[in-house]
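Below, each chain spelled out in residue letters.
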Amino acid sequence: MKCLLALALLTGFHMAQAQTTVFSTDFDSGMAAPLNPGTATLTGVQGFSGLGSVGNTFGGQFLRSATGNVVTLTLNDLPTHTQISVDFLLAAIDSLDGTGTFPSGDFLKITLDGATIFRESFANALPSQIQSYVPAAGVELARHVDLGFGGPGSYYTDSAYHLGADPALHHLAHTGAVATFTFQIEGEGIQSLDDESWAMDNLRVSVSAVPEPEVVWLTGAGLLALWAHRSRQNRQNRQNRLLA
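Because the structure is a prediction, the values reported are computed rather than measured. (Residues numbered from 1 in each chain as written. Predicted model: local features only at pLDDT ≥ 70, side-chain atom pairs only at ≥ 80, totals over all residues. Heavy atoms only, no water.)

**What to know about the pattern of salt bridges**
For the structure shown, the criterion picks out 2 salt bridges. The closest approach of N and O atoms between Arg-204 and Asp-87, which form a salt bridge, is 3.8 Å. In this pair, Arg-204 sits in strand β15 (residues 196–208) while Asp-87 sits in strand β8 (residues 83–94), placing the two residues 117 residues apart along the sequence. Taking the relative accessible area as the measure of exposure, Arg-204 reaches 27% and is therefore partly exposed. Residue Asp-87 is classed as buried on the basis of its relative accessible area, which comes to 11%. In this structure, the salt-bridge partner of Glu-186 is Arg-119, at a minimum N-O distance of 2.6 Å. Highlighted residues: Glu-186 in strand β14 (residues 179–186) and Arg-119 in strand β10 (residues 115–121), separated in sequence by 67 residues. Classification of Arg-119 by relative accessible area gives partly exposed; the value is 40%. (Salt bridge = Lys/Arg side-chain N within 4 Å of Asp/Glu carboxyl O. Helix = DSSP H or I, 4+ residues; strand = E, 2+ residues; numbered from the N terminus. Buried < 20%, exposed > 50% of the residue type's maximum accessible area, 1.4 Å probe, protein only.)

**Quick look at the sheet that holds β10**
Read across the sheet, 5 strands follow the order β2-β7-β14-β9-β10 without closing on themselves; strand pairing throughout is antiparallel. Across the chains shown, the open sheet's two edge strands, defined by having one partner strand only, are β2 (35–36) and β10. Relative to strand β7 (residues 71–75), β2 runs antiparallel, the two being bridged by 2 bridges. Directly across from Asn-36, in β7, lies its bridge partner Thr-72. (Pairing = 2+ DSSP bridges.)

**Overview of the packing of aromatic side chains**
This model, assessed by the stated rule, comprises 11 aromatic pairs. Note on Phe-62 and Phe-149: the rings are 6.0 Å apart at their centroids and 20° apart in plane angle, and the pair reads as stacked. Taken together, the residues span a long stretch of sequence, with Phe-62 in strand β6 (residues 61–66) and Phe-149 in the loop between β11 (140–145) and β12 (158–162) at a distance of 87 residues. Ring centres of Phe-88 and Phe-183 lie 5.5 Å apart, and the angle between their planes is 80°; on these two criteria the pair is classed as edge-to-face. Of this pair, Phe-88 sits in strand β8 while Phe-183 sits in strand β14, and the two are 95 residues apart along the sequence. (Phe/Tyr/Trp six-rings, centres within 6.5 Å; stacked < 30°, edge-to-face > 60°.)

The following block contains the structure:
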């Protein structure tokens, strides 16, 4: 009985957590149709190559954007769901200025259907600059490392993050059939592409549904019926052995 109750709990947990991927691109096969990149372009990843975890690393090409540009992802005809999650690798390239006073900061802003779900500053130029973003465990892949673009020995360095490992971007409440994400590094100090930029790779969006109480009840009822059937069989087997 205890085993079946544990199985029922695990089954309910799995049903609540099961995710369905509704969009995924590594940018190596071109620009995916749901994306509006603005002025961003597909670019080789240079020194970012290989950064990440097994099965999820920078490679080939990524979508590189100037600060101030908005990248928009619009997903239509989503399946029934109650939560949505977004996952991607972030390349912070060259002289991003953190919270800053002059220039007045570089903030990665992510919105979902017009509502801000993430806004933090990123700093690459000087150790004295303030970066508001404090990575969760498993997020930071490289910090203040020359990964290309500015050239070997560049004064400015680069950083890399697996933002999909940040809980802030997971299990966001959402039920609509359409989801629109925007990605932008904004702030009064935005500068040209040859001075600072950012890029994303391995962009993925998934949805999940919390099951209705009736579904969980039916699952539990089915397991209890199975337990009752097995109990009857066990009693019958014991009686048969006694009579033998």
